[in-house]
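# Commentary on secondary and tertiary structure
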Amino acid sequence: MELLALLTVLLLAHAVAYLAWQAVSRRRRACCYLLDYACHKPSDDRKVTTEMAGDVIERNKRLGLPEYRFLLKVIVNSGIGENTYCPRNVLQGREESPTHDDALEEMDDFFTDAVAGVLAKTGVRARDVDLVVLNVGSFSPAPSLVSRLVHRFGMREDVMAYNLSGMGCSAGLIAVDLARNVMLTRPRTTMALVVTSESCTPNWYVGTDKSMMLGNCLFRCGGAAALLTNDPAFRGRAKMELRCLVRANIGAHDDAHAAAVHREDADGRLGVSLSKALPKAAVRAFTENLQRLAPRILPARELARFVSRLLLRKLLLGPRNNSKAEGGGSSPKIDFKTGVDHFCLHPGGTAVIEAVRKSLGLTAHDVEPARMTLHRWGNTSASSLWYVLSYMEAKRRLKRGDRVLMVTFGSGFKCNSCYWEVTRDLADAGAWEDCIDEYPPETLVNPYMDKFGWLNDLQGQGSGFIF
Amino acid sequence: MPTGGVFSGSVNLKYVKLGYQYLVNHFLTLLLVPVMAATALELARLGPGELLSLWRSLELDLVHILCSAFLVVFVGTVYVMSRPRPVYLVDYACYKPPASCRVPFATFMEHTRLISDDDKRVRFQTRILERSGLGEDTCLPPANHYIPPNPSMEASRAEAQVVIFSAIDDLVRRTGLKPKDIDILVVNCSLFSPTPSLSAMIINKYKLRSNIRSFNLSGMGCSAGLISIDLARDMLQVHPNSNALVVSTEIITPNFYQGSRRDMLLPNCLFRMGAAAILLSNRRREARRAKYRLVHVVRTHKGADDRAYRCVYQEEDDQGFSGISLSKELMAIAGDALKSNITTIGPLVLPMSEQLLFFFRLVGRKLINKTWKPYIPDFKLAFEHFCIHAGGRAVIDELQKNLQLSPRHVEASRMTLHRFGNTSSSSLWYELAYIEAKGRMRRGDRVWQIGFGSGFKCNSAVWKCLRSIKTPTNGPWDDCIHRYPVDVPEVVKL
């Protein structure tokens, strides 16, 4: 009967070993590495200066002098520089009648540059990609852009392709979230390609509604493609490791939901209307997100310190309402710099960056990448945070062990954040290569301030917007 | 008419085939019977005394027994817990358009004549409608009833709100779902993708939680419903104890083609209003009332091939009107995509007997005789019900031929096309509702949903029914199921 006992023991040992191996391999697959990424640098013939933007605005005969002034004021104060990129149809004078092919051409330029670029940089073949997630906010043709990508690069038949659309400026992180979740369920390691862009071609607003004209001043062409993988074999080559991702959507509140709406104006022209309640919605979503993010990324010491100060303040002030506190000083702030070394903020506009800087208690050095990205590339919507990351890398700021926090805002209203750990010293300048030495520039003031500076002297010209 | 000899020969062959299938599929059971019999005989021969001494000779004391029992229980538990979580379809609801949106043939033709002076265009659309397989009860959104249609974004949003909210309200009524309990939201709508997204619109209307994981898929065509199910399933694997709401729809308002290119006029004639809301869950307590369990989802993307990629293509015609062109090769490409999908799903669902036949025929073709025809597995052995995307009469005909299905198997698809038209990604759910409304869904039945879409994609989902569905089902078919099935003529004379 020893044989029987031996057999039983062997079988059990085999079963235990198999289950243990399953558990270990599941743990290993639970990591998510950023292998590499590439930011799209459109061709130079698409550069648009303030003067050129002024010409485009002037072409719109529907705009009267007040609107013209308003727009120029926004552009001059926007923090956007002279080297941002515009869609071809706008520069060629066809902003009123964009064609379907124009929009597809913009996407094809992006695919050829950024997607091919990231595949070439990493040596990953298109046939090795298991999962593609594409996000382009306001252009959704049939077949989908992700199918266009699959077609262009000849990906496999069993590739999992997802096409997200309409999810606003924070959708870049939603795409990463999707990729990460799908990777966790696959039995084998997965190579994921996450592609983010925005289509500016069909979205140049040609009407007279002020809330919709801001988009023309802020949004510029850009895009980014990133390769994520959960294969531990790539750990040595990976740039960063994903630690946690938090999404907050306060769309349940009506005013937050209506903060950024793509709709028709009174004359029936389409445009994205940014409401006056947008900054407030952004702050609310940001708070909601940080409340869930802080316990997951900050060291216990900082959390304990914050909680104890909060409790102390409550005790000292008694049962009175905290918002009426006068003598106790300002409400205790949680210091995110204890858990985060670099902040990748969505360059939505100078006011957004400033608001986030104030609420997180950051220095000018911390928000420099976001400000410089806004200056060099404008607000490229969901892909902008990859440009901000690229700036930090180009400036050699990212060292092994550093922790990076990406924060984005978008219509819905959403605030998404993502926490990475840098796995090796990074030094690739990427899309910033030809201009990183000029940054930060002496001054961010618009060179046309002299020409159009009189705009700032006009009082009460109806700009309640703080972009 | 075959002669008696051939006929009796084919009958004998049928029995041989049946016998073979039974033998192979129940192989293990059949093997077990003689083994059990032999063991029982041996035991009887040994007698109780010898058995007792055999037992004692094992020298098992209490410690051994306890350790072994503990190990077995522990390993068993770990194994059971490490298996992928089952995904249950608790219930689903389909949008039923009001009668005021009905577009009978006469209305459609009158509209067409009033909108356009082009006689050729009118005659072409008449011919399509005659052969389309659609009935007189299909519906178009209010904006399309205007002359000419009014495809504004506001009207599109209005349609989206009506169809999506109605479907979700119906689902909430059926399941008692609380909006705060929704953890995952996946919305797919191919040709309308506003900002804020349709998923944000749902979050706003139903006041969903702020930590909801929402995804808005767009542009992915008529097969996107199954892509959403796949995504929801992946999310449910990662997040335990969660509910996922999947909303599949197609918004017709912004997509009316105003030009006269023939290949682009087809969608105007075929696409109709519809939406479906599906509640998926991985909570164990839902297993009791869930209707189906998701078994497999298989996706095939033929985009790498030029012809397949261009077969359903949105572009502008010479006059600048945007429309979706359907190429003449659509059927061939659909058949091709289906074959690719079958080769993946076949091994997962077909019984061993069919797989062996397929394998032997394949080996035979390669080694013995190249002229042997490839064996088409009999999918009727693997599934009781088929839900084929009601893309158009030609698609259903093609698939019926390729899969060798009987008219009864494709009845759900044909009747859905007749009653609701091509509602794009939600059509599969109308078909499932038809089968349930007919009282044909029994516990243990397996359903195969097949969707095709631009890209070119072919996606399949396999569901297993967990409880027999009783009629009436309070679904979109309830007021008209007694009239079905109807005979849909090849050509309806208009």
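Residues numbered from 1 in each chain as written. Chains lettered and ligands numbered in written order. Predicted model: local features only at pLDDT ≥ 70, side-chain atom pairs only at ≥ 80, totals over all residues. Heavy atoms only, no water.

### Quick notes on the overall build of chain B
In plain terms, the rule: Numbering of helices and strands starts at the N terminus; helices are DSSP runs of H or I of at least 4 residues and strands are runs of E of at least 2. Between buried and exposed lies partly exposed: a residue is buried under 20% and exposed over 50% of the maximum accessible area for its type, with that area taken using a 1.4 Å probe on protein chains only. The contact rule is simple, with two residues in contact once any of their heavy atoms fall within 4.5 Å. In short, Shrake-Rupley with a 1.4 Å probe defines the accessible areas, and a residue's cover is counted only from the protein chains shown. Neither His nor the chain ends contribute to the count of charged residues, in which Lys and Arg are positive and Asp and Glu negative. Charge coordinates come from a single atom per side chain, which is NZ of Lys, CZ of Arg, CG of Asp or CD of Glu.
Each helix and strand in chain B was counted, giving 15 helices and 11 strands. Structurally, chain B occupies a C-alpha span of about 100 × 70 × 45 Å along its principal axes. Evaluated residue by residue, chain B yields a buried proportion of 54% over its 494 residues. Sequence-distant contacts in chain B: of pairs separated by 6 or more residues, those separated by 24 or more amount to 80%. Entry remark: accessible area of chain B is about 22700 Å², with carbon and sulfur atoms responsible for 60%. Averaging the locations of the 62 positively and 44 negatively charged side chains of chain B gives two centres separated by 4 Å.

### Quick look at the overall build of chain A
Counted only if it meets this: Computation of the radius of gyration draws on C-alpha atoms, with the globule rule given as 2.2 Å multiplied by the number of residues to the power 0.38.
Looking only at helices and strands, one finds 15 helices and 13 strands in chain A. Relative to a compact globule of 467 residues, whose C-alpha radius of gyration would be 23 Å, chain A shows 24 Å and is just as compact. Relative to its full complement of 467 residues, chain A shows a buried share of 58%. In chain A, the share of contacts with a sequence separation of at least 24, taken over all contacts with a separation of at least 6, comes to 81%.

### As for the pairing of strand 8 (residues 322–326) of chain B
All names here are of chain B. Worth spelling out the cut-off: A pair of strands is labelled paired if DSSP reports no fewer than 2 bridges between them.
When you tally the buried positions in strand 8, you get four out of five residues, the bulk of the element. When strand 7 (residues 312–316) meets strand 8, the two strands line up antiparallel, connected through five bridges. When the bridges of strand 8 are listed, Glu315 appears paired with Gly323. If you look at the hairpin formed by strand 7 and strand 8, you'll find five residues sitting between the two strands, and Gly320 has a positive phi there, around 90°.

### Quick notes on the interface of chain A and chain B
Convention followed: Values labelled buried area give the accessible surface lost by two parts on being combined, using a 1.4 Å probe and summing over both. Should a side-chain nitrogen of Lys or Arg be within 4 Å of a carboxyl oxygen of Asp or Glu, the pair is scored as a salt bridge. Definition of a polar contact: a pair of N or O atoms within 3.5 Å, with one able to donate and the other able to accept a hydrogen when the atoms are protein atoms, and with sequence-neighbouring residues admitted only if both atoms are side-chain atoms. Three classes are used: nonpolar for Ala, Val, Leu, Ile, Met, Phe, Trp, Tyr, Cys and Pro, charged for Asp, Glu, Lys and Arg, and polar for all others, with Gly counted as polar.
With 64 residues of chain A at the interface, the matching set in chain B holds 64 residues. The contact between chain A and chain B buries some 5100 Å² in all, and 57% of this surface belongs to carbon and sulfur atoms. The interface formed by chain A and chain B contains three salt bridges. Notably, a salt bridge pairs Glu157(A) with Lys302(B), separated by 2.7 Å at the nearest N-O pair. Seen at the junction of chain A and chain B, the total is 36 residue pairs in polar contact (both at pLDDT 80 or more). Considering every element that reaches the side of chain A that touches chain B, the biggest residue donor is helix 7 (residues 171–185) of chain A, with seven residues. Considered class by class, the residues forming the side of chain A that touches chain B number 30 nonpolar, 20 polar and 14 charged.

### Some details on the UniProt feature "domain: FAE" (unreviewed entry) in chain A
Stated precisely, the cut-off is as follows: UniProt positions are given in the numbering used here, feature names are shortened, and annotations may be inferred rather than shown by experiment.
UniProt records the feature "domain: FAE" (unreviewed entry) for residues 25–315 of chain A in the present numbering. Split by type, residues 25–315 of chain A is 44% helix and 19% strand. Its first and last C-alpha atoms lie 49 Å apart.

### Here we look at the nonpolar core
One broad trend across soluble globular proteins is that nonpolar side chains are buried collectively. Inclusion rule: In plain words, nonpolar cores are sets of buried Ala, Val, Leu, Ile, Met, Phe, Trp, Tyr and Cys residues tied together by side-chain atoms within 4.5 Å. As annotated, the domain borders come from an automatic or database domain assignment.
Core analysis: the biggest nonpolar cluster contains 169 residues, and Trp386(A) and Leu280(B) have the highest contact counts within it. When we break this core down by domain, the ones giving at least three residues each are domain 1 (30–240) and domain 2 (244–300 + 336–444) of chain A. Those residues in contact with Trp386(A) that lie beyond four places of it in its chain are Leu34(A), Tyr37(A), Cys39(A), Val176(A), Thr196(A), Ala224(A), Ala226(A), Met406(A) and Trp420(A).

### Here we look at the UniProt feature "transmembrane region" (unreviewed entry) in chain B
UniProt marks residues 20–41 and 62–82 of chain B with the feature "transmembrane region" (unreviewed entry), using the numbering shown here. For residues 62–82 of chain B, helix accounts for 100% and strand for 0%, while the C-alpha atoms at its two ends are 30 Å apart.

### Comments concerning the UniProt feature "domain: Beta-ketoacyl-[acyl-carrier-protein] synthase III C-terminal" (unreviewed entry) in chain A
As annotated by UniProt and renumbered to match this structure, "domain: Beta-ketoacyl-[acyl-carrier-protein] synthase III C-terminal" (unreviewed entry) occupies residues 340–421 of chain A. Secondary structure content for residues 340–421 of chain A is 44% helix and 24% strand, while the C-alpha to C-alpha distance between its ends is 9 Å.

### Overview of helix 14 (residues 384–394) of chain A
All names here are of chain A. In terms of burial, helix 14 is a largely internal element, 11 of the 11 residues being buried. When helix 14 is considered as a whole, its buried residues turn out to be Ser384, Leu385, Trp386, Tyr387, Val388, Leu389, Ser390, Tyr391, Met392, Glu393 and Ala394. Just downstream of helix 14, Arg396 is the residue with a positive phi angle, here 55°.

### Quick word on the UniProt feature "domain: Beta-ketoacyl-[acyl-carrier-protein] synthase III C-terminal" (unreviewed entry) in chain B
Under the local residue numbering, the UniProt record ascribes the feature "domain: Beta-ketoacyl-[acyl-carrier-protein] synthase III C-terminal" (unreviewed entry) to residues 384–464 of chain B. For residues 384–464 of chain B, helix accounts for 40% and strand for 25%, while the C-alpha atoms at its two ends are 10 Å apart.

### A look at the domain arrangement of chain A
All names here are of chain A. Per the domain assignment, the segments of chain A are domain 1 (30–240) and domain 2 (244–300 + 336–444). Each of domain 1 and domain 2 was reduced to a C-alpha centroid, and the two centroids are 16 Å apart. If you look at the interface, domain 1 gives 55 residues, while domain 2 gives 51 residues. Surface buried jointly by domain 1 and domain 2 totals about 4500 Å² across both partners, of which 59% is contributed by carbon and sulfur atoms. On the domain 1 side of the interface with domain 2, the three residues burying the most area are Leu173, Lys239 and Met240, jointly 17% of the side's total. Between domain 1 and domain 2 we count six salt bridges in total.

### Topic: the state of the cysteines
All names here are of chain A. Stated precisely, the cut-off is as follows: When the sulfur atoms of two cysteines come within 2.5 Å, that pair is taken as a disulfide.
The full count for this structure, using the stated rule, is zero disulfides over all chains. Sulfur of Cys217: no disulfide; nearest cysteine sulfur belongs to Cys86 and is 11 Å away. In this model Cys244 remains outside any disulfide bridge; the closest cysteine sulfur is found in Cys418, 7.4 Å from its own.

### Here's the deal with a positive patch on the surface
Residue and element names in this part refer to chain B. Here is the rule: Patches here: salt-bridge-free residues with over 30% relative accessible area, like charges joined within 9 Å, nonpolar side chains (Val, Leu, Ile, Met, Phe, Trp, Tyr) joined within 5 Å.
A contiguous patch of positive charge, built from Lys120, Arg123, Arg127, Arg262 and Lys328, is present on the exposed surface. With three residues, the single largest contributor to the positive patch is helix 5 (residues 119–131). Of note, Arg123 is situated in helix 5. Note on Arg123: relative accessible area 53%, which makes it exposed.

### Focus on the pairing of strand 9 (residues 385–388) of chain B
All names here are of chain B. Going residue by residue along strand 9, you find His385 and Cys387 tucked away on one face and Phe386 and Ile388 tucked away on the opposite face as well. Two elements, strand 9 and strand 10 (residues 446–453), share four bridges in a ladder whose sense is parallel. When the bridges of strand 10 are listed, Ile388 appears paired with Ile450.

### A look at unusual backbone geometry
With omega at -5°, the peptide bond leading from Thr471(B) into Pro472(B) counts as cis. By the element assignment, Pro472(B) lies in the segment after strand 11 (457–465). With phi around 55°, Arg396(A) is a residue other than glycine that occupies positive phi space. Mapped onto the secondary structure, Arg396(A) falls in the loop between helix 14 and strand 12 (403–410). Phi is positive for Gln404(B), which is not a glycine, with a value near 55°. Checked against the element boundaries, Gln404(B) lands in the loop between helix 13 (393–403) and helix 14 (411–420).

### Observations concerning the environment of Cys222(B)
All names here are of chain B. The topology assignment puts Cys222 in the loop between strand 3 (213–218) and helix 8 (224–238). Residues Cys222 and Asn459, 237 residues apart in the sequence, show an inter-C-alpha distance of 9.9 Å. For Cys222, the contacting residues outside a window of four places in its chain are Phe271, His389, Ser424, Ser425, Phe452 and Gly453.

### Section: the side chain of Glu286(B)
Relative to the helices and strands, Glu286(B) is located in the loop between strand 5 (274–281) and strand 6 (292–301). With sequence-adjacent residues up to four places away left out, Glu286(B) is seen in contact with Val90(B), Asn243(B) and Ser281(B).

### Here's the deal with a nonpolar patch on the surface
Taken together, the side chains of Val16(A), Phe70(B), Leu71(B) and Phe74(B) present a nonpolar region at the surface, about 360 Å² in accessible area. A total of three residues in the nonpolar patch trace back to one element, the largest contributor, which is helix 3 (residues 62–82) of chain B. Residue Leu71(B) is classed as partly exposed on the basis of its relative accessible area, which comes to 32%.

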